[in-house]
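Below, each chain spelled out in residue letters.
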Amino acid sequence: MTEGCAPPDDAWAPWHPGQLARRLVTVDRPWCIVGGWALDLWHGYQTRDHDDLEFTILREDFGCFRRALSAVRLRR
């Protein structure tokens, strides 16, 4: 990918929280969903379409999560 060029907006497909949970099943460190999806999970139902999925981890656990998500690649 050329520096400064972003993929088209329609190339993005955000994960559902369940998809992230499946990808992190081998990680034994704490993490949690934040942002819009966190509110929907608290409500118990999806209130709107989401353009992204945010989650948070402890700084010292970054390496564990990076390894768990190492197969994730951005496509052009």
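These numbers were taken from a predicted model, which means no experiment stands behind them. (Residues numbered from 1 in each chain as written. Predicted model: local features only at pLDDT ≥ 70, side-chain atom pairs only at ≥ 80, totals over all residues. Heavy atoms only, no water.)

> Sorry, what's going on with the overall build of the protein here?
Scanning the protein from terminus to terminus reveals three helices and two strands. Listing the helices and strands of the protein from first to last along the sequence gives α-β-α-β-α. Taking all 76 residues of the protein together, 17% fall into the buried category. Taking the intrachain contacts of the protein between residues at least 6 apart in sequence as the baseline, contacts between residues at least 24 apart amount to 54%. (Helix = DSSP H or I, 4+ residues; strand = E, 2+ residues; numbered from the N terminus. Buried < 20%, exposed > 50% of the residue type's maximum accessible area, 1.4 Å probe, protein only. Contact = heavy atoms within 4.5 Å.)

> Explain the nonpolar core to me, please; I cannot follow it from the model alone.
As a rule of thumb, nonpolar side chains are buried together in soluble globular proteins. Formed by Leu20, Leu24, Val27, Ile33, Trp37, Leu53, Phe65 and Leu69, the largest nonpolar core amounts to eight residues. Each residue touching leucine 53, except ones within four places of it in the same chain, is listed here: Trp15, His16, Pro17, Leu20, Ile33 and Trp37. (Core = buried A, V, L, I, M, F, W, Y, C linked by side-chain atoms within 4.5 Å.)

> Looking at this structure, how should I read the packing of aromatic side chains?
What the rule picks out here adds up to two aromatic pairs. Arranged with centres 6.1 Å apart and planes meeting at 85 degrees, the rings of tryptophan 31 and phenylalanine 55 form a pair that is edge-to-face. With tryptophan 31 in strand S1 (residues 31–34) and phenylalanine 55 in strand S2 (residues 54–57), this pair connects stretches of sequence that are 24 residues apart. Taking relative accessible area as the criterion, tryptophan 31 reaches 26% and is therefore assigned partly exposed. On the accessibility criterion, phenylalanine 55 (28% relative accessible area) is partly exposed. Through a chain of ring-to-ring contacts, three or more aromatic side chains come together here, namely Trp31, Phe55 and Phe65. (Phe/Tyr/Trp six-rings, centres within 6.5 Å; stacked < 30°, edge-to-face > 60°.)

> Just to check I follow, could you spell out the environment of tryptophan 31 for this structure?
With 10 residues separating them along the chain, tryptophan 31 and alanine 21 place their C-alpha atoms 9.7 Å apart. When residues no more than four places from it in sequence are discounted, the contact partners of tryptophan 31 are Leu20, Ala21, Leu24, Phe55, Thr56, Ile57 and Phe65.

> Just checking my understanding: could you explain the environment of alanine 68 for this structure?
Residue position: alanine 68 is located in helix H3 (residues 62–68). With relative accessibility at 26%, the residue alanine 68 sits in the partly exposed group. The spatial distance from the C-alpha of alanine 68 to the C-alpha of valine 25 is 8.9 Å, given a sequence separation of 43 residues. Leave out the neighbours within four places in its chain, and alanine 68 touches Arg23, Leu24 and Val27.

> Explanation requested: helix H2 (residues 36–43) in the structure shown.
Along an α-helix, residues three or four positions apart point the same way, because every turn accommodates 3.6 residues. For H2, the complete set of buried residues consists of Gly36, Trp37 and Asp40. Projected onto a plane normal to the axis of H2, the buried residues spread over an arc of 95 degrees and lie on a single side. Exposed side of H2, more than 90 degrees from the buried face: Leu39 and Trp42 are the residues found there. Considering only its buried residues, H2 is in contact with helix H1 (17–23), S1 and S2. The positive-phi residue at the C-terminal boundary of H2 is glycine 44, with phi of around 95 degrees. (Arc of directions from axis to C-beta.)

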